[in-house]
Amino acid sequence: MSTTTTRGVARPASAKASPARPQRGLRGSSTFNFWLFTSPFLIGLTVFVYVPIGWSLWLSFFEARFTVTPSKFVGFDNYWQMLQDSKFTGSLVTFTVFAAFIVPATWALSLGLALLVNRLRFMKAFFRSVFFLPTACSYVAAALIWKMSMFSGVRFGLMNTVLGWFGVENIAWLANPDPPWYWLVIVTLRLWLQAGFYMILFLAALQNIPPELYEAAAIDGAKPGWQTFRYITLPQLRATSTAVILLLVIAAYQAFDEFYNLLAKTTWGRPPLVELYYTALGESQDYGEGSAGAVILTLLILIVTLAQGKFLGFGRGDDK
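Note that the structure is predicted; figures quoted are calculated from it, not measured.

1. Focus: the overall build of the chain
Summing up its helical and strand segments, the chain has 13 helices and two strands in all. Considering only residue pairs separated by 6 or more positions, the chain has 64% of its internal contacts joining residues 24 or more positions apart.

2. Focus on the pattern of salt bridges
When the charged atoms of two side chains with opposite charge come close together, those side chains can pair. Inspection of the entire model under this criterion finds four salt bridges. Between Arg-190 and Glu-258 there is a salt bridge whose closest N-O contact spans 2.1 Å. Linking Arg-190 in helix H7 (residues 182-207) with Glu-258 in helix H11 (residues 257-263), this pair joins segments that are 68 residues apart in sequence.

3. Observations concerning the packing of aromatic side chains
Following the criterion strictly, the structure yields 25 aromatic pairs and no others. Their ring planes at 65 degrees and their centres at 5.8 Å tell us that Phe-256 and Tyr-277 sit as a pair that is edge-to-face. Separated by 21 residues along the polypeptide, Phe-256 in the loop between helix H10 (238-253) and H11 and Tyr-277 in helix H12 (residues 272-281) bring together distant segments of the chain. With relative accessibility at 30%, the residue Tyr-277 sits in the partly exposed group. Ring centres of Tyr-260 and Tyr-277 lie 5.4 Å apart, and the angle between their planes is 75 degrees; this geometry places the pair in the edge-to-face category. Here Tyr-260, found in helix H11, pairs with Tyr-277, found in helix H12; they are 17 residues apart in sequence, far enough to count as distant. Its relative accessible area of 27% is what places Tyr-260 among the partly exposed residues. The structure contains a cluster of three or more aromatic residues connected by ring pairs, namely Phe-95, Phe-98, Tyr-182, Trp-183 and Phe-259.

4. Some thoughts on the nonpolar core
The biggest cluster of nonpolar side chains holds 54 residues, and the ones touching the most others in it are Phe-98, Phe-259 and Leu-262. For this core, the elements supplying multiple residues, two or more each, are helix H2 (77-84), helix H3 (86-119), helix H5 (139-150), H7, H10, H11 and helix H13 (287-312). The leading source of residues in this core is H7, at 15 residues.

5. Some thoughts on the packing of helix H4 (residues 124-132) against H7
Running from N to C, H4 and H7 cross one another at 140 degrees; their axes reach a closest spacing of 7 Å. Considered as vectors, H4 and H7 are oriented oblique to each other. Counting all contacts with H4, which are made through Arg-128, Phe-131 and Phe-132, the residues of H7 involved are Gly-196, Phe-197, Met-199, Ile-200 and Leu-203. Taken together, the residues of the contact of H4 with H7 break down into six nonpolar, one polar and one charged.

6. Quick look at the packing of H3 against helix H9 (residues 226-236)
Across the interface, H3 lies against H9 with an axial gap of 14 Å and an inter-helix angle of 100 degrees. Judged by the angle between their axes, H3 and H9 are roughly perpendicular. Listed contacts from H9 to Trp-107, Leu-111 and Leu-115 of H3 are Phe-229, Thr-233 and Leu-234.

7. Some remarks on H13
Over its 26 residues, H13 extends 37 Å from the first C-alpha to the last, a length consistent with the 38 Å expected when each residue adds 1.5 Å. Backbone nitrogen of Gly-288 and a side-chain oxygen of the N-cap are separated by 3.2 Å at the start of H13; the cap is Asp-286.

8. With respect to the environment of Leu-163
In this fold, Leu-163 is placed in helix H6 (residues 158-165). Given a relative accessible area of 22%, Leu-163 falls into the partly exposed group. Setting aside its immediate chain neighbours within four residues, Leu-163 contacts Val-168, Ile-171 and Trp-173.

9. Thoughts on the side chain of Thr-233
Looking at the element boundaries, Thr-233 is found in helix H9. With residues up to four places along the chain from it excluded, the contact list for Thr-233 reads Leu-115, Leu-206, Ile-209, Tyr-214 and Thr-228.

10. Brief notes about a nonpolar patch on the surface
Taken together, the side chains of Ile-43, Val-47, Phe-48, Val-49, Tyr-50 and Ile-53 make up a nonpolar region of the molecular surface, amounting to roughly 630 Å² of accessible area. Along the chain, Tyr-50 falls in helix H1 (residues 30-59).

11. So, the environment of Arg-128
Assignment of secondary structure puts Arg-128 in helix H4. Relative accessible area serves as the criterion here: at 29%, Arg-128 is assigned to the partly exposed category. Linking Arg-128 and Asn-118, residues 10 residues apart in sequence, is a C-alpha distance of 9.1 Å. In this view, Arg-128 contacts Val-117, Met-199, Ile-200 and Leu-203; residues no more than four positions away in its chain are not counted.

Calculation criteria
Residues numbered from 1 in each chain as written. Predicted model: local features only at pLDDT ≥ 70, side-chain atom pairs only at ≥ 80, totals over all residues. Heavy atoms only, no water. Helix = DSSP H or I, 4+ residues; strand = E, 2+ residues; numbered from the N terminus. Contact = heavy atoms within 4.5 Å. Salt bridge = Lys/Arg side-chain N within 4 Å of Asp/Glu carboxyl O. Phe/Tyr/Trp six-rings, centres within 6.5 Å; stacked < 30°, edge-to-face > 60°. Buried < 20%, exposed > 50% of the residue type's maximum accessible area, 1.4 Å probe, protein only. Core = buried A, V, L, I, M, F, W, Y, C linked by side-chain atoms within 4.5 Å. Axes fitted to C-alpha atoms, helices over the stretch in contact; angles between N-to-C directions. Parallel < 35°, antiparallel > 145°, perpendicular 65-115°, else oblique. Nonpolar A, V, L, I, M, F, W, Y, C, P; charged D, E, K, R; others polar. Expected span 1.5 Å × (residues − 1). Polar contact = N/O pair within 3.5 Å; in protein donor to acceptor, adjacent residues only side chain to side chain. Patch = residues over 30% accessible without salt bridge, like charges linked within 9 Å, V, L, I, M, F, W, Y side chains within 5 Å. Areas by Shrake-Rupley, 256 points an atom, 1.4 Å probe, with all protein chains shown as cover.

Structure (structure tokens):
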């Protein structure tokens, strides 16, 4: 080994740093790794989502009865026929009213549960899991439980059994549209299934609120309870509330499983997706009109979502 002398002291010469070897294999190219891990998802998304959406849009401009490869171009006639269909337009109006009720109800219930769980000093994880557990339940299974056990029209149903203790006669919850008791069944089912998921979102947002804000409010004389909730908690939850409301609006218009399994083939209380299901896969099998109805429903959801996002300030920065 070569040495250098400095003031009579022999020291080893500094070794030259060897050049870094280029990495090879899977860790050698970040671009290759990106496409390697995302390509299965992108392929599935393209084949099962984007291609069907594009093909549905294409079918909406053709006469497509009993076939998905049409040849007769009809322009906007399918759209005009769907807009003249009283069942389809009625379902759109009905579910606009339904969304106007179920969205604030679910928002209030999920926020209330989040506030209660967040204030617990013990067993917080247990109650968080209990309220979130219904989210993992299948909509089909939950609908059958509500239909056959909870709100069965015979005296063996749980609700009729409880009402029978107070001398109330059995109620046919799902068999008669007048009075429309079926809405009570559907609303309670959706609240049970959805509130736990949005509770988790609110709970995460509550835990991110700086405690210094509450301490400063207490120093300024703010009373704990309604004042701190209104002027501190609720403004801090604006972004989460906006996201929750937008998700609830979309979910309300996309309702299918519980309505289809609760109301079977009844002609009342059908959501838009059930009407489109019978249009495209019923006796007529009109894929052209069904596709046009799907586009109309998508545009309606888009308009309502954008209007609500504009009203609630979605994407807007916090006020300085």
